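Observations on the three-dimensional arrangement
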Amino acid sequence: MSARPKKSFGQHFLHDRRYIDRIVTAMAPRTDDFVVEIGPGEGALTLPLLAVAGKLTAIELDTDLIPGLQSRAAAAGELHVIEADVLKVNFTAMAHDHGVPRLRIAGNLPYYISSPILFHCVDHAAAIQDMHFMLQKEVVDRMAAEPGSKIYGRLSVMLQLACRVEPLFYVPAEAFRPPPKVESAVVRLVPLAPHELHDAEPQHVYAIVKAAFGQRRKTLSNALKQLMDSDAIRRADIDPKARAETLAPMDFVRLAKVYGAL
Ligand code: SAM
């Protein structure tokens, strides 16, 4: 029944029913939700989600998997498959075209492009109600890391400025076929409400965060010297001798605002 999993597509199929059930329970889709799954593969999550939600839109890059998926799903509910690279799918347009305020997204993500997928979703966060993703455990730990931690970095700041990050549970490698070389974890991301969002220019925040963590062992005055001088850093209420890993996400927003005004 199942094809040989393709490494190049990051295919590790979930087969342990206990973890599948925990993801469905954590997400708790309702029949009036617009549920989108990234990378349905052979349907390990698709079929249980369909059974609860009644309908689902799935985005799969590997066209070889789609006929099998369609036939397995036929009895479970209404499945619409988009044959595409998820990075090219415009979630904002999808919500608009279907007349729904926001999407609920789930997926056991292909790990080779997990960060680009996360940033792509963040770009469309206003059209998303929540996301439940299986990722490398180490990536989930970095997403949720707090200032002062060695693993706090660009991913932590950029995600925490856009979403509430809730690590849910770890998943061992044996739960997949074939087992990946790393441990995994499921995380829930809930985009912040409009009043919780910062009002700096996204490209300014991006530039500051990138430069600050590009040289994380240097002081900010050193790491940011191509962008702003020590006086400008002080105007954001930040000590120029501090290092990026000690700053809270909103500190980067203040730096971005001063930078934008230079
Ligand atoms: N959901 C299935 C499961 O849990 O068993 C499969 C998960 S597997 C880790 C990742 C899935 O994402 C594969 O089906 C793979 O073909 C698909 N995929 C890989 N790259 C993709 C991309 N750029 N866009 C959409 N799907 C992709």
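1. Focus: the overall build of the protein
Along its length, the protein carries 11 helices and 9 strands. Taking 18 Å as the expected radius of gyration for a compact globule of 262 residues, we find that the protein reaches 20 Å, a close match to that expectation. By principal-axis analysis of the C-alpha atoms, the protein measures approximately 65 × 40 × 30 Å. Expressed as a percentage of its 262 residues, the buried residues of the protein come to 49%. Within the protein, counting contacts between residues at least 6 apart in sequence, those at least 24 apart form 66% of the total.

2. Let's talk about the domain arrangement of the protein
Domain annotation of the protein identifies domain 1 (7-196) and domain 2 (202-261). Between domain 1 and domain 2, the C-alpha centre-to-centre distance is 32 Å. The interface of domain 1 with domain 2 comprises 11 residues on the first partner and 15 residues on the second. Among the residues of domain 1 in contact with domain 2, Tyr152, Arg154 and Leu161 are the three that bury the most area, contributing 52% of the side total. Between the two partners, domain 1 and domain 2, sit 5 residue pairs in polar contact (both at pLDDT 80 or more).

3. Describing the pattern of salt bridges
Inspection of every chain in the model, using the stated rule, returns 18 salt bridges. A salt bridge links Asp16 to Arg18; the nearest nitrogen and oxygen atoms lie 2.8 Å apart. The class for Asp16 is buried, based on a relative accessible area of 15%. With its nearest N and O atoms 2.9 Å apart, the salt bridge here joins Asp32 to Arg30.

4. Notes on the sheet that holds strand β6 (residues 128-136)
Here 7 strands make up an open sheet; going across it, the order is β4-β3-β2-β5-β6-β9-β7 and the pairing mixed. Whereas interior strands pair on both sides, the edge strands pair on one side only; in this sheet they are β4 (78-83) and β7 (163-171). The average undirected angle you get between the axes of adjacent strands in this sheet is 20 degrees. Strand direction decides the pairing type here: strand β5 (residues 103-108) and β6, joined by 6 bridges, are parallel. Residue pairing for β6: Gly107 is matched across the bridge by Phe133. Lying over the sheet, helix α2 (residues 46-53) contacts β2 (35-38), β3 (55-60), β4 and β5, oriented at roughly 155 degrees with respect to β3. Against the sheet, helix α6 (residues 137-144) engages β6, β7 and β9 (184-191), with an angle of about 135 degrees to β6.

5. A closer look at unusual backbone geometry
The omega torsion across Arg177 and Pro178 is -10 degrees, close enough to zero to call that bond cis. Tracing the backbone shows Pro178 in the loop between β8 (176-177) and β9. We note that Asp237 has phi near 65 degrees; this positive angle belongs to a residue other than glycine. Note that Asp237 resides in the loop between α10 (230-235) and α11 (249-260).

6. Examining the environment of Asp64
For Asp64, the location among the structural elements is in the loop between β3 and α3 (66-73). With a relative accessible area of 58%, Asp64 lands in the exposed category.

The rules behind the values
- Along each chain, residue indices are assigned from 1 in the same order as the chain's sequence is written.
- Residues qualify for local features only when their pLDDT is at least 70, as the model is predicted, and side-chain atom pairs are given and counted only at 80 or more; totals for whole chains, interfaces and linings, by contrast, use all residues.
- Computation of side-chain values covers all heavy atoms of the structure but excludes hydrogens and water.
- We count a stretch as a helix when DSSP gives it H or I for four or more residues in a row; a strand needs E for two or more, and each element gets its number in order from the N terminus.
- Using C-alpha atoms as the atom set, the radius of gyration is obtained and then compared with a globule rule of 2.2 Å times the number of residues to the power 0.38.
- We call a residue buried when its accessible area falls under 20% of the maximum for its residue type, exposed when it is over 50%, and partly exposed in between, using a 1.4 Å probe and counting protein chains only.
- What makes two residues a contact is simply this: any of their non-hydrogen atoms within 4.5 Å.
- Per the annotation, domain bounds derive from an automatic or database assignment of domains.
- Accessible area that two parts lose when put together, with a 1.4 Å probe and added across both, is what the buried area reports.
- Polar contacts here mean pairs of N or O atoms no more than 3.5 Å apart (in protein, one a potential hydrogen donor and the other a potential acceptor; neighbouring residues in sequence count only if both atoms are side-chain atoms).
- For this analysis, a salt bridge means a side-chain nitrogen from Lys or Arg found within 4 Å of a carboxyl oxygen belonging to Asp or Glu.
- At least two DSSP bridges between two strands are required for those strands to pair.
- Only the stretch in contact is used when a helix axis is fitted, and all axes are lines through C-alpha atoms; the angle between N-to-C directions ranges over 0 to 180 degrees.

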